[in-house]
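What follows is each chain in one-letter form.
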Amino acid sequence: MADQHTISLQIQGLNCASCSGRAEKALNAVKGVIIASVNLAAETAQITFADPANTQSLTDALTSAGYPAATQEVVLDIKNMNCASCVARVERALAGSAGVLEVSANLANETATVSFATKATSVGEIMAITSAAGYPAKPKSGAQTDVDDRTQRKADEITHLGWLTLIAATLALPVFAIEMGGHFIPGVHHWVMVNIGMQNNRLMQFALTTLVLFGPGLRFYRIGIPALLKGAPEMNSLVALGTAAAYSFSLVATFAPKLLPKGTDNVYYEAAAVIIVLILLGRYLEARAKGRTGEAIRKLVGLQAKTARVERGGDVVELAIGDIVEGDILHVFPGEKIATDGVVLTGNSYVNESMITGEPVPVNKVEGANLVGGTINGQGALRFRATSVGADTVLARIIQMVEQAQGAKLPIQGMVDKITSVFVPAVLVAAALTFVLWFIFGPDPALSFALVAGVSVLIIACPCAMGLATPTSIMVGTGRAAEMGVLFRKGDALQMLQEASVVALDKTGTLTQGHPELTDYTVAKGFLFDDVLRLAASVESTSEHPIAKAIVRAAKEKNMTLPMVSDFTSITGYGVRAVVDDKDILVGADRLMTREGIAFEVFLAQGNALGQSGKTPLYVAIDGVAVAVMAVSDPIKETTPAVINALHDLGLKVAMITGDNQGTANAIARELGIDRVVAEVLPEGKVEALNALREGGKIAYVGDGINDAPALATADVGIAIGTGTDVAIEAADVVLMSGDLNGVINAFDISQRTMRNIRQNLFWAFGYNVVLIPVAAGLLYPFYGVLLSPMLAAGAMSLSSVFVLSNALRLRWVQPAQK
């Protein structure tokens with residue numbers, strides 16, 4: 001099977017759900033594309049593809065569809081380019097990388113100009129490619145980061161829309177004041193007739209409206225008319241058709257009134273002009289609101305340091321963050337940001353990691369401690385070695401996770417996509433039908449009534465609100481969750497989590513501290529505990545399991561010297577075996593003794609008693625003879641009882657899955673009020689246990705270890721404790737950045753709030769169109785004599801999108817449900 005690639009593209013010209021649907025269709029039609037998903041709120045596309053598809057073919061498809069991918073250009077200073085072969089190698093290395101569209105290397109000034117698709121790659125990744133090819137690169141002075149570039153583009157768009165709205169409003173105001181003033185204030189109409197005259201008034205309105213439509217309003221025609229001609233109408237097409245109809249009718253009434261039926265030669269310049277003003281105003285407000293939906297990403301990016309002090313050639317010099325490489329030795333002073341991930345070499349300080357983990361208490365950092373880039377150093381000075389740089393840092397991976405989640409499509413979006421794909425054509429049919437019915441059956445002047453009703457239907461329809469309803473809530477919700485230390489690695493986990501009816505939790509390291517201590521022991525006659533402990537600790541010293549570490553710690557506290565171990569075997573789910581001092585040693589659960597056929601009945605009652613008190617019993621056998629039972633106790637986390645209660649308050653069933661014996665598991669379950677217990681489970685048995693616990697509903701699983709990875713992947717929603725292993729995190733749908741179980745409640749809470757927000761948005765978006773399109777068509781006229789003005793239709797349409805965006809932005813202020 002061909003290698004698959006996944007890239008993101010920033011798309012321009014997306015104004016409504018129909019636009020995003022067509023862009024998505026165009027991408028999925030490219031040969032080699034496996035799946036493409038377009039996010040209207042973020043104005044991005046995520047595409048998974050294989051040969052023969054490439055970045056160029058994808059961007060070409062978008063351009064042909066009328067939604068070009070945003071591109072950037074960077075000029076790099078390239079080192080080590082000495083000949084034409086060097087130039088060719090640089091160009092070949094870059095041209096073959098995902099996201100790059102065009103490369104031109106210049107030997108004379110030792111630069112390379114690279115055009116690339118925004119979000120598909122970055123300046124940092126391009127530099128890494130040239131460096132890997134043997135040609136280190138750095139941006140020429142003035143190059144901007146990707147996020148800065150997008151922020152600037154959004155700011156430029158907002159400014160541009162603001163000016164367009166202001167210009168259009170200034171030009172439309174006299175038209176509106178004279179025409180509408182003449183309708184409602186008799187004195188105004190008389191003044192206009194006496195001082196200006198009807199025809200001069202119409203000519204003035206014609207001139208000003210023409211400037212509005214073909215100045216600030218030209219954008220709607222440039223996009224909407226070509227889309228209409230291609231048979232793929234979208235929101236701009238509706239605006240263009242509606243305003244063009246009002247304007248064209250007014251032109252005829254102004255310059256050739258005899259062509260119109262008697263009594264219908266009215267002008268509607270004010271409607272066309274004010275529609276453009278109100279829709280531009282709506283776009284301006286929408287752009288401002290959209291800019292705020294990505295605030296979480298900007299905050300995360302803002303955590304990154306710009307420079308750092310690095311040891312180079314015996315001196316400490318200040319370098320840009322992009323110049324730091326793995327293995328560099330860095331210095332950080334009190335109050336400064338830690339530039340990148342690393343390990344402390346010397347120094348002692350407290351570091352504020354709340355921006356990453358959500359934990360407010362600073363963490364003490366001494367020699368050997370891990371540091372996370374973007375966190376804030378306290379009062380001490382630290383010297384540390386960089387272990388991860390660039391895209392490999394924790395912060396960079398968090399940003400990537402959040403962006404991927406924000407670009408995801410929830411299952412609920414499928415229904416919206418089906419409706420929006422036919423929405424605009426349906427509106428065109430409805431508008432045409434409205435015009436025909438009014439023209440045939442309407443009162444005199446029927447043509448005027450038909451025009452007003454038809455234009456109102458075109459203008460009031462709003463596919464934007466439907467398209468923005470889901471993705472804006474996802475963007476804001478997942479962003480706010482990230483600020484609380486909850487990372488949704490997969491966007492659909494947002495919907496799945498609030499649908500879960502059962503939460504299953506691993507015990508060790510999840511419900512408990514994960515740092516057990518040896519508390520009890522009983523040895524057979526003729527054996528000394530210290531001798532047994534020394535042998536058991538020697539075997540366990542090779543294992544990474546928390547229980548093994550507890551036994552090793554107990555031996556070290558007694559200053560024991562542990563002998564060499566040979567033939568070590570880890571028997572997953574049972575225990576360990578090794579040869580120490582020519583003796584065959586077994587250490588593990590009761591099932592290990594049973595498996596090996598070793599009689600241990602003499603210790604069974606003691607082991608069961610220890611288990612029933614919430615401790616984990618371990619049996620030790622030497623040369624096939626059971627010689628001791630030991631117990632370790634893993635303290636329950638302080639937050640665990642409150643979290644279990646909170647889960648119950650949410651109406652969820654709580655289950656515990658553990659490899660411990662049944663007695664230990666039952667004791668802990670009784671203490672915490674857990675509903676279901678599945679004990680003595682091997683790692684591979686956790687998957688089977690999860691399936692048994694589902695009970696026909698969805699299940700969430702919370703774990704932190706390597707042995708939790710299969711269960712995390714099998715559960716409908718896997719939640720990994722961030723302090724756990726990388727394997728567990730990679731298998732999870734949601735990652736809790738701190739080891740605090742309160743994050744589970746916060747994850748459920750933000751999931752429920754986000755989905756509620758999405759449902760509110762969808763209710764408004766669909767309800768708005770279902771109710772107001774018939775009103776615009778004249779539903780109320782037979783009963784109340786009311787016909788909706790196209791200007792009011794434009795105002796309502798503009799506000800509908802702003803409402804959806806504003807409602808989604810409320811999620812920015814969600815507070816942690818559990819602290």
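Our structure is the block above this text.
*Asks:* I would appreciate a short explanation of the nonpolar core in the present structure.
*Replies:* Looking at soluble globular proteins, one finds that nonpolar side chains tend to be buried together. If you look at the biggest cluster of nonpolar residues, it comprises 141 residues, and the most contacted ones within it are Ile 47 and Phe 748. Sorting elements by how many residues they give to this core places helix 28 (residues 742-777) first, with 13 residues. Setting aside residues no more than four positions away along its own chain, Ile 47 makes contact with His 5, Thr 6, Ile 7, Leu 9, Leu 27, Val 33, Ile 35, Ala 36 and Leu 58. Within the second largest apolar cluster, 26 residues are counted, among which are Leu 533, Ala 537, Ala 555 and Val 620.

*Asks:* What is the right way to look at the environment of Gln 495 in this model?
*Replies:* Within the secondary structure, Gln 495 is located in helix 17 (residues 493-499). Sequence-wise, Gln 495 and Glu 638 are 143 residues apart; in three dimensions their C-alpha atoms are separated by 29 Å.

*Asks:* Quick question: what am I supposed to make of the sheet that holds strand 18 (residues 500-506) here?
*Replies:* Backbone hydrogen bonds hold the strands of a sheet together, and the pairing may be parallel or antiparallel. The strand order across the open sheet built from seven strands is 17-29-28-27-18-25-26, with neighbouring strands paired in mixed fashion. Two strands in the sheet have a free side with no partner beyond their single neighbour: strand 17 (486-488) and strand 26 (676-678). On average, adjacent strands in this sheet sit at an angle of 20° to one another, irrespective of strand direction. Bridge count between strand 28 (residues 717-721) and strand 29 (residues 734-736): three bridges; the pairing is parallel. Residue pairing for strand 29: Ile 719 is matched across the bridge by Val 734. Each of strand 25 (653-657) and strand 26 is contacted by helix 24 (residues 662-672), which is oriented at about 155° to strand 26, the strand it contacts most.

*Asks:* Honestly, a nonpolar patch on the surface in this entry has me stumped. Any pointers?
*Replies:* Among the surface-exposed residues, Leu 433, Phe 435, Val 436, Leu 437, Phe 439, Ile 440 and Phe 441 lie close enough to one another that they form a single nonpolar patch of about 700 Å² accessible area. Position of Val 436 among the secondary structure elements: in helix 14 (residues 413-441).

*Asks:* Even after reading the chapter, I still don't get the pattern of salt bridges, so can you show me in this structure?
*Replies:* Between side chains of opposite charge, pairing is possible as soon as their charged atoms come close. Across all of its chains, the model carries 16 salt bridges by this definition. With a closest N to O distance of 2.6 Å, Arg 312 and Asp 328 form a salt bridge. With Arg 312 in strand 8 (residues 307-312) and Asp 328 in the loop between strand 9 (315-320) and strand 10 (329-332), this residue pair connects regions lying 16 residues apart in the sequence. The exposure class assigned to Arg 312 is partly exposed, which follows from its relative accessible area of 34%. Under the relative-accessibility criterion, Asp 328 is labelled buried at 8%. Across the pair Arg 577 and Asp 584 runs a salt bridge whose closest N-O atoms are separated by 2.9 Å.

Conventions adopted
- For every chain, the first residue of the written sequence is number 1, and numbering continues from 1 onward in sequence order.
- Only residues with pLDDT of 70 or above have their local features reported here, since the model is predicted, and side-chain atom pairs are shown and tallied only from 80 upward, although totals for entire chains, interfaces and linings are computed over all residues.
- Excluded from the side-chain calculations are hydrogens and water; all other atoms, namely the structure's heavy atoms, are used.
- Among buried residues, the Ala, Val, Leu, Ile, Met, Phe, Trp, Tyr and Cys ones that are joined through side-chain atoms within 4.5 Å form a nonpolar core.
- For every residue, the accessible area (1.4 Å probe, protein chains only) is compared with the maximum for its type, and the residue is labelled buried under 20%, exposed over 50%, or partly exposed between those bounds.
- Helix numbers and strand numbers start at the N terminus; a helix is a DSSP run of H or I with at least 4 residues, a strand a run of E with at least 2.
- Should any heavy atoms of two residues lie within 4.5 Å, those residues are considered in contact.
- A pair of strands is labelled paired if DSSP reports no fewer than 2 bridges between them.
- Only C-alpha atoms enter the line fits that serve as axes; for helices the fit covers just the stretch in contact. Angles between N-to-C directions range over 0 to 180 degrees.
- Residues enter a patch when their relative accessible area is above 30% and they make no salt bridge; the linking distance is 9 Å between like charges and 5 Å between nonpolar side chains (Val, Leu, Ile, Met, Phe, Trp, Tyr).
- Here the Shrake-Rupley method, with its probe set to 1.4 Å, supplies the accessible areas, and only the displayed protein chains count as covering residues.
- The rule for a salt bridge is simple: a side-chain nitrogen of Lys or Arg has to be within 4 Å of a carboxyl oxygen of Asp or Glu.

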